[in-house]
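These are the residues of each chain, in order.
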Amino acid sequence: MGVVEFEDVFVKYETYTGSVLALRGITFSLGEGETILVVGPSGSGKTTLLRVILGLVQPMHGTVRVFGMEPRDGKTGLEIRRRIGYLTQEGKMIPELTVWENIIFYAKGRGRKVDENRVRELARELNVEAVLNKHPNQLSGGELKRAELLMVLSDEPELLLLDEPTSMLDAENSKVVIDLLSTFKGSVPMIVTSHDPRLVEVSNRILEVTGGVVRKPEGTAPLSLKDGRPKEDDA
Ligand SMILES: Nc1ncnc2c1ncn2[C@@H]1O[C@H](COP(=O)(O)OP(=O)(O)OP(=O)(O)O)[C@@H](O)[C@H]1O
Ligand SMILES: [Mg+2]
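Residues numbered from 1 in each chain as written. Chains lettered and ligands numbered in written order. Predicted model: local features only at pLDDT ≥ 70, side-chain atom pairs only at ≥ 80, totals over all residues. Heavy atoms only, no water.

**Here we look at the coordination of the magnesium ion (ligand 2)**
Defined as follows: Water is not among the atoms examined, so metal sites may look incomplete; donors are the N, O and S atoms within 2.8 Å of the metal, or within 3.2 Å for Na, K and Ca. Where helices and strands are cited, they refer to DSSP runs of H or I of at least four residues and of E of at least two residues respectively, numbered from the N terminus. Classification of residues uses two cut-offs on accessible area relative to the type maximum, computed with a 1.4 Å probe and protein chains only: under 20% is buried, over 50% is exposed, and between them is partly exposed.
At the metal site, the magnesium ion (ligand 2) is ligated by Thr47 (OG1) and Gln89 (OE1), and these contacts range over 2.0 to 2.4 Å. Taken together, the residues span a long stretch of sequence, with Thr47 in helix H1 (residues 46-53) and Gln89 in the loop between strand S5 (84-87) and helix H3 (99-109) at a distance of 42 residues. Of the residues examined, Thr47 reaches a relative accessible area of 24% and is grouped as partly exposed. A relative accessible area of 39% places Gln89 in the partly exposed class.

Below, the structure is given as structure tokens:
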């Protein structure tokens, strides 16, 4: 059994102006120690896929298993989120707290205590030691991104979901992040979304998502809609 398993997953968002079918029949599985790089154009459903794993978005069709559990009801959703390190695209640090206080608060919320030495070691590797006592709004975009990553990595996650970990970073700091993620490769399963081709280095497999569908390798038959699955015009 994989750490994450998707079987024919459809997700629909309702908005005032209509609905959007963001995922249309996604099937894949992530094995222990594996890293999948999710690529695809803006709006293709990459972040949605991560949010389904976290139980923040419920599929309208299909099955999802994370650590063997279904991220549906509140309790399993919480349990699953506690075990996952999720780097969001937009960041989630609390502005009133310093980076260091954010890290402690984050761990506390997950029922853990911070290993100060480990955090300092990771901070050094991510080149953010100097910003630990600053507030998030006093950081540059790239510093904030690395500080957010530090927070997520410092809590010994069993699964990492990293949404565009190198966006906002210059070449040098992208390399810092990629090198650090390489040290997690093989021991912590990861799903990483990115437009950055350098992240191929840390991945075992690439999942190409276009318009909510996994693009099949060339030469294979296109996905067909089975009976009982949502159709395009349901959206
Ligand atoms: N909360 C929401 N409500 C309504 N529609 C949404 C919501 N979140 C995402 N969408 C829509 O679902 C589709 C997929 O969005 P998603 O954020 O998953 O794309 P993405 O691949 O992560 O894009 P990007 O590369 O720009 O981050 C888009 O059409 C988007 O507009
Ligand atoms: Mg996204």
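**Let's talk about the sheet that holds strand S9 (residues 213-214)**
To keep it simple, the criterion reads: Only when DSSP finds a minimum of two bridges between them are two strands counted as paired. Whether two residues are in contact is decided by their heavy atoms, any of which lying within 4.5 Å being enough. Throughout, an axis means a line fitted to C-alpha atoms (over the contacting stretch in the case of helices), and angles, computed between N-to-C directions, take values from 0 to 180 degrees.
Within the open sheet, the six strands sit side by side as S5-S6-S7-S3-S8-S9. Their pairing is mixed. A strand with exactly one partner marks an edge of an open sheet, and here the two such strands are S5 and S9. Bridge count between strand S3 (residues 35-39) and strand S7 (residues 190-193): four bridges; the pairing is parallel. Each bridged residue has a counterpart across the sheet, and for Ile36 the counterpart in S7 is Ile191. The strands touched by helix H5 (residues 141-153) are S5 and strand S6 (159-163); relative to S5, the strand with the most contacts, the crossing angle is about 170°.

**A short note on the layout of surface pockets**
Taking a probe equal in size to a water molecule and rolling it over the atoms shows the remaining empty space. Basically, it comes down to this: Points on a 1 Å grid, built from protein atoms alone, make a cavity when a 1.4 Å probe fits but cannot get out and make a pocket when they are open with protein on both sides within 12 Å along at least 5 of 7 lines; residues with an atom within 4 Å of a point are the lining residues. Grid points are joined across faces, edges and corners, and a volume is the space filled by probe spheres set on the points. Residues are grouped as follows: Ala, Val, Leu, Ile, Met, Phe, Trp, Tyr, Cys and Pro are nonpolar; Asp, Glu, Lys and Arg are charged; all remaining types, including Gly, are polar.
When its volume is computed, the largest pocket comes out at roughly 220 Å³. Around the largest pocket sit Leu54, Leu56, Leu78, Arg81, Arg82, Ile84, Tyr86, Lys92, Tyr106, Gly109 and Arg110, which together line it. When residues of the lining of the largest pocket are traced back to their parent elements, those giving at least two are helix H2 (74-83), S5 and H3. With three residues, H2 is the single largest residue contributor to the lining of the largest pocket. The residue inventory of the lining of the largest pocket, partitioned by class, reads six nonpolar, one polar and four charged.

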